[in-house]
Amino acid sequence: MNVGAGAGRFLTFEGIEGVGKTTQVARVASALTARGVAHVVTREPGGTPLAEKIRELVLSPREEALPPVAELLLMFAARGVHLANYIEPNLSAGRWVICDRFTDATYAYQGAGRGMNMADIGRLESLVQGPRRPDLTLVLDVPVAVGLARSARRDLGKTRDRFERERADFFERVRDGYLGRARAEPERIAVIDATRSVDDVAAAIVQVLESRSWIS
Ligand code: Z5A
């Protein structure tokens, strides 16, 4: 769904673990604040009190296995809540929504990573989202070893969640999944080389927004 004049824009950030999404979401939010652009920042899975409960269910390691199909359905259950109760009302009010992960993560993690059927994911996407898609998705890209090293440094001594316990080959499939989606939808998805410094990555993202004349 493309936004009309005056409506909020829907921006999503994607990438494997540790690429710097959270860091860059904060930077883009500052850039929008500096330009007087009304916006909210949110994340998936989660973003509302109820959707955050689902996040806790999906991410917490526990003894009983969470089968991939249940993981997939929980991602979309959280998304349905988040869209109805937070994303759509903010877009309707004219605010930009900056979201740390969205449905491209489902294609990359549950599809490319876990091997769930892409057509099934597409059906759930239509069911839950109707025509709503991000206006722009920024895939922050680094080699898997770089992302994992960054998150290991950040999380030293902390308990790792269900995804952080995955091995490098899982994240290689996820990264390939993102890059494949970017090749298939180059107008919506911009790949940003995130091996550079935080400032350089932030500047590259602002440049993408300026090149679309969304900000100046
Ligand atoms: N998931 C899914 O499977 N399916 C779905 O549909 C959705 C999600 C929506 C949620 O995790 C998990 O849910 C996610 C996929 C799954 N699991 N994984 N993996 P999350 O989004 O909450 O957390 P995350 O994806 O693991 O992100 P992260 O580890 O928090 O990383 P990040 O936000 O991309 O990075 P960061 O915290 O901004 O930076 C990491 C560290 O690197 C930190 O110390 C920074 O200071 C540093 N950093 C950042 N940028 C740089 C640069 N440019 N140079 C050097 N160092 C840097």
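Residues numbered from 1 in each chain as written. Predicted model: local features only at pLDDT ≥ 70, side-chain atom pairs only at ≥ 80, totals over all residues. Heavy atoms only, no water.

So, the environment of Leu148
Piece 1. Relative to the helices and strands, Leu148 resides in helix H6 (residues 144-154).
Piece 2. In this structure Leu148 comes out as partly exposed when scored by relative accessible area, which is 25%.
Piece 3. Along the sequence, Leu148 and Ala168 sit 20 residues apart, while their C-alpha atoms lie 8.1 Å from each other.
Piece 4. Excluding its chain neighbours within four sequence positions, the residues that come into contact with Leu148 are Glu17, Ala168 and Phe171. (Helix = DSSP H or I, 4+ residues; strand = E, 2+ residues; numbered from the N terminus. Buried < 20%, exposed > 50% of the residue type's maximum accessible area, 1.4 Å probe, protein only. Contact = heavy atoms within 4.5 Å.)

Things to note about the nonpolar core
Piece 1. Core analysis: the largest hydrophobic core is formed by 45 residues, its most contacted members being Trp96 and Tyr109.
Piece 2. Counting residues in each nonpolar core, the second largest holds eight residues, with Ile87, Val97, Cys99 and Phe102 among its members. (Core = buried A, V, L, I, M, F, W, Y, C linked by side-chain atoms within 4.5 Å.)

Here's the deal with the confidence of the model for the protein
Piece 1. Of all residues in the protein, 97% attain a pLDDT of 70 or more, and the chain-wide mean is 95.
Piece 2. Counting contacts from residues 1-5, a segment whose pLDDT is below 50, to residues more than four positions away or on other chains yields eight contacts. (pLDDT = per-residue confidence, 0-100.)

What about the packing of helix H3 (residues 68-92) against helix H4 (residues 103-113)?
Piece 1. At their nearest, the axes of H3 and H4 sit 11 Å apart, and the two run at 175 degrees to each other. Here H3 lies roughly antiparallel to H4, going by the angle between them. Of the residues in H4, those touching H3 at Glu71, Leu72, Met75, Phe76 and Arg79 are Thr103, Thr106 and Gln110.
Piece 2. Among the residues making up the contact of H3 with H4, the classes are represented as three nonpolar, three polar and two charged. (Axes fitted to C-alpha atoms, helices over the stretch in contact; angles between N-to-C directions. Parallel < 35°, antiparallel > 145°, perpendicular 65-115°, else oblique. Nonpolar A, V, L, I, M, F, W, Y, C, P; charged D, E, K, R; others polar.)

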